[in-house]
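This is what each chain is made of:
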Amino acid sequence: MNTITGSDPILDCAASAAFEQDRFGGHEAKEWPAMRAAGAALAESVLADLLIAGVSPQQPGRVLVLVGKGHNGGDAMLAAAQLAKGTNWTFEIAFVFGQNRLRSLAGAAWRELQSIGGTQRLHVIRRTAVGGPYLAILDGVFGFQFRAPLTESALAWLAVANAAEVQLRAAVDLPSGLSESGAFLADAIYATGIFKMPLLDHVGASRLRYLDLGFFADRSEGERRVLTPRLLDPLRALRAVDSDKRTYGQLAVIGGSRSFPGAVGMAVAAALQSGVGNVTAFVPESIAPAFAARWPEAMWIGCPETEDGGIAMEAGLMIRRHLERATAMLIGPGLGCEPETMALVADLVQEAKGPLVLDADALQPELVKLGSAPRVLTPHQGEFERIAKGASLEEFGRIESTVTVLKGPVTRIVDGEVIYHGIHGGPMLARGGSGDMLAGLIGGRLAAQPSELVIAAAQGVVWHGLAAQWVAERRGETAVRTTEILSALNPVLRA
């Protein structure tokens, strides 16, 4: 099984325990640096999610920290210590099982929090003192080795935490209680060091964050994997001095119609920022001049139109002549589904030799399996159901030379053997046009590396998602435009 660099394995709880035992061997001298790293990463991620909700570090506010006996409680307290350094917040500490039952490293974390928080901003509270409003509640009661059932004390504490008025309920690693009745109702879950399998049960219910602590810096195996920002490291490197635009490939984009002109424009705009050497767009002749004025870096080829404004069959000769130089082709954004246009696309897909990205209107059952060219498919759930005809994602992903990118709250990429999970972006991407820009990014990355379908798809998914989060942290998730993601592609790559 081949897996891509920049992805980490998703482990079940037993495998996670075995991995940590092998890595740390129960030695506190090895565990403490990892706990400190987890606390720092947790603080940074919680603060980022609070920024999305419009919370400023300078405003006054309260944070409730639920502390269990062991490492999760320690992580939560170290995160609180980090937050205390850069905010004006006060922290209420709830020792769910009593302060005298803290294990050694959790006790060390409590002492560090005390040294930073001080007596004015740090308060140990009883359950009866819990009350909102809180900026955040950090759940550090149980770790991934939790065994049901919840005790009466834990249930009581979780009940008051779930009922409290709060902006963000944040679970460390996994929500305490997991799927038990009365479990912590997490708005966001921050997986520390290892992305655990039970998190996949929370897709669509909680924001999922992976705090990469470097446990899997080297290549690792596993047929379920989480994508990390490390995938973008090759794009951050210096380019070869002797390169020219041909070095980075040429993407041909076929799409657009008078009825849906915007989609192909957004796809091309994203492709232009993907690092590809050249972009040529084939669109109906009535929309080409406006697009050429807006995005002059691309070559816009105006094609003969059908009566309804789609690309006509007679455009085929013109398109084929230009395709000789293309290293990848993106078909579909805004294309429309006129029979004449679909017949032209079917011919192009059947004849294609280089890799394809099929998106939007090109995701038709009769098109996705045509010809022998390797391809990336980028459906949302409705489009996937249309082309899969009842097959599961795993079954459909076994189509030879096909990579499927199923977009959703967690985007899954399947290549027949491995399922990669893209967790970045979140609700910011729940708006029209985001999928068109993702298709453009994937198309551009594929043109630059035509034999690397999975890497191109994964780089596009991570880059797109990180850019969406960048916008959300600065502008929120509501009063924003999809195209603002384009302005964030450079900052997240430079970060």
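Here the structure is a predicted model, which is why all the values come from computation and not from measurement.

1. Focus on the overall build of the protein chain
So, point 1. Looking only at helices and strands, one finds 15 helices and 19 strands in the protein chain.
So, point 2. Over its C-alpha atoms the protein chain spans a radius of gyration of 25 Å, differing by no more than 12% from the 23 Å that the globule rule assigns to 495 residues.
So, point 3. Counting only C-alpha atoms and orienting by the principal axes, one finds that the protein chain spans roughly 80 × 50 × 45 Å.
So, point 4. A separation threshold of at least 6 residues defines the contact pool for the protein chain, and within that pool the share at least 24 residues apart is 70%.
So, point 5. Here the protein chain displays about 20300 Å² of accessible surface, and carbon together with sulfur accounts for 50% of that area.
So, point 6. Averaged over its 44 positive side-chain charges, the protein chain has a centre that lies 6 Å from the centre of its 51 negative ones.

2. Quick look at the environment of Asp415
So, point 1. When you line up the elements, Asp415 lands in the loop between strand 18 (411–414) and strand 19 (419–422).
So, point 2. Note on Asp415: relative accessible area 25%, which makes it partly exposed.
So, point 3. When the C-alpha atoms of Asp415 and Thr90 are compared, they prove to be 48 Å apart, with 325 residues separating the residues in sequence.
So, point 4. If near-sequence neighbours (up to four positions away) are discounted, Asp415 is found in contact with Gly397, Thr402, Val403 and Val454.
So, point 5. Only 3.1 Å separates the side chain of Asp415 from the backbone nitrogen of Glu417, close enough to count as a polar contact.
So, point 6. There is a polar contact of 2.9 Å between the side chain of Asp415 and the backbone nitrogen of Val418.

3. A short note on unusual backbone geometry
So, point 1. Note that the residue after Gly132, namely Pro133, is joined by a cis bond; omega there is -5°.
So, point 2. Note that Pro133 resides in the loop between strand 4 (122–124) and strand 5 (134–140).
So, point 3. Positive phi is not limited to glycine here, since Lys389 has a value of about 50°.
So, point 4. We classify Lys389 as exposed; its relative accessible area is 67%.
So, point 5. For Ser401, which is not glycine, the phi dihedral falls at a positive 60°.
So, point 6. Turning to its location among the elements, Ser401 is positioned in the loop between helix 12 (393–396) and strand 17 (402–406).

4. Here's the deal with the sheet that holds strand 2 (residues 62–67)
So, point 1. On the basis of which strands lie adjacent, the open sheet formed by seven strands has the order 4-3-2-5-6-7-9 and parallel pairing. Looking at the sheet topology across the chains shown, the edges are occupied by strand 4 and strand 9 (207–211). Here the average twist between neighbouring strands, direction ignored, is 20°.

5. Section: the packing of helix 13 (residues 434–448) against helix 14 (residues 453–475)
So, point 1. Packing of helix 13 against helix 14 brings their axes to within 8 Å, and their N-to-C directions diverge by 140°. Considering their axes alone, helix 13 and helix 14 lie oblique with respect to each other. Crossing handedness for the pair helix 13 and helix 14: right-handed. Contact residues: helix 13 offers Ser434, Met437, Leu438, Leu441, Ile442, Arg445 and Leu446, while helix 14 offers Leu453, Ala456, Ala457, Gln459, Gly460, Val461, Trp463 and His464.

6. Description of the state of the cysteines
So, point 1. Following the criterion strictly, the structure yields zero disulfides and no others.
So, point 2. As a non-bridged cysteine, Cys337 has Cys303 as the owner of its nearest cysteine sulfur, 17 Å distant.

7. Some points on the packing of helix 14 against helix 15 (residues 484–494)
So, point 1. Between helix 14 and helix 15, the shortest axis-to-axis distance is 8 Å and the interhelical angle comes to 105°. In terms of orientation, helix 14 and helix 15 fall into the roughly perpendicular class. In this structure, helix 14 contributes Trp463, His464, Leu466, Ala467, Ala468, Trp470, Val471 and Arg475 to the contact, and helix 15 contributes Glu484, Ile485, Ala488, Leu489, Pro491, Val492 and Leu493.
So, point 2. Among the residues forming the contact of helix 14 with helix 15, the class breakdown is twelve nonpolar, one polar and two charged.

8. Thoughts on the nonpolar core
So, point 1. Grouped together as the largest cluster of nonpolar side chains are 62 residues, with contacts concentrated most on Leu227, Leu251, Val253, Val268, Trp300, Val376 and Ile413.
So, point 2. Examining the composition of this core, we find that 13 residues originate from one element, helix 14, more than from any other.
So, point 3. For Leu227, the residues in contact, after removing those within four places along its chain, are Ile4, Gly6, Ser7, Ile413, Tyr420, His421, Gly422, His424, Ala458, Val461 and Val462.

9. Here we look at the pairing of strand 12 (residues 278–284)
So, point 1. Within strand 12, seven of the seven residues are buried, which leaves it mostly tucked inside the rest of the structure.
So, point 2. Pairing between strand 11 (residues 250–254) and strand 12: five bridges, direction parallel. Paired with Gln250 across the bridge in strand 12 is Asn278.
So, point 3. Note that the unit made of strand 11, helix 7 (residues 261–272) and strand 12 has a crossover that is right-handed.
So, point 4. As paired elements, strand 12 and strand 13 (residues 299–303) share five bridges and run parallel to each other. Within strand 13, the position partnered with Val283 by the bridge is Gly302.

10. Considering helix 11 (residues 381–388)
So, point 1. Every buried residue of helix 11 is accounted for by Glu383, Phe384, Ile387 and Ala388. Along the axis of helix 11, the buried positions cluster into a sector of 120°, meaning they face one direction only.
So, point 2. Buried residues along helix 11 sit in contact with strand 16 (375–377), helix 12 and strand 17.
So, point 3. One or two residues past the end of helix 11 sits Lys389, with phi positive at roughly 50°.

11. Examining the pattern of salt bridges
So, point 1. In total, this model carries 15 salt bridges according to the counting rule given.
So, point 2. The partner of Arg207 in a salt bridge is Glu477, and the shortest N-O contact between them spans 2.8 Å. Of this pair, Arg207 sits in strand 9 while Glu477 sits in the loop between helix 14 and helix 15; the two residues are 270 residues apart in sequence, bridging distant segments of the chain.
So, point 3. Of the residues examined, Arg207 reaches a relative accessible area of 26% and is grouped as partly exposed.
So, point 4. Note that Arg474 is salt-bridged to Glu473, the shortest N-O span being 3.7 Å.
So, point 5. Assessed through its relative accessible area of 49%, Arg474 is described here as partly exposed.
So, point 6. Of the residues examined, Glu473 reaches a relative accessible area of 24% and is grouped as partly exposed.

12. Quick look at the sheet that holds strand 13
So, point 1. Overall, mixed pairing links the twelve strands, which are arranged 8-1-10-19-18-17-16-15-14-11-12-13 in an open sheet. Each having just a single partner strand, strand 8 (195–196) and strand 13 make up the two edges of the open sheet.
So, point 2. Direction of pairing for strand 1 (residues 7–11) relative to strand 8: parallel, over a ladder of two bridges. Directly across from Leu11, in strand 8, lies its bridge partner Lys196.

Conventions adopted
Residues numbered from 1 in each chain as written. Predicted model: local features only at pLDDT ≥ 70, side-chain atom pairs only at ≥ 80, totals over all residues. Heavy atoms only, no water. Helix = DSSP H or I, 4+ residues; strand = E, 2+ residues; numbered from the N terminus. Rg over C-alpha atoms; globule rule 2.2 N^0.38 Å. Contact = heavy atoms within 4.5 Å. Areas by Shrake-Rupley, 256 points an atom, 1.4 Å probe, with all protein chains shown as cover. Lys, Arg positive; Asp, Glu negative; His and termini not counted. Charge placed at Lys NZ, Arg CZ, Asp CG, Glu CD. Buried < 20%, exposed > 50% of the residue type's maximum accessible area, 1.4 Å probe, protein only. Polar contact = N/O pair within 3.5 Å; in protein donor to acceptor, adjacent residues only side chain to side chain. Pairing = 2+ DSSP bridges. Axes fitted to C-alpha atoms, helices over the stretch in contact; angles between N-to-C directions. Parallel < 35°, antiparallel > 145°, perpendicular 65-115°, else oblique. Left-handed = near helix turned anticlockwise from the far one by under 90°. Disulfide = S-S within 2.5 Å. Nonpolar A, V, L, I, M, F, W, Y, C, P; charged D, E, K, R; others polar. Core = buried A, V, L, I, M, F, W, Y, C linked by side-chain atoms within 4.5 Å. Right-handed = clockwise from strand over helix to strand, strands pointing away. Arc of directions from axis to C-beta. Salt bridge = Lys/Arg side-chain N within 4 Å of Asp/Glu carboxyl O.

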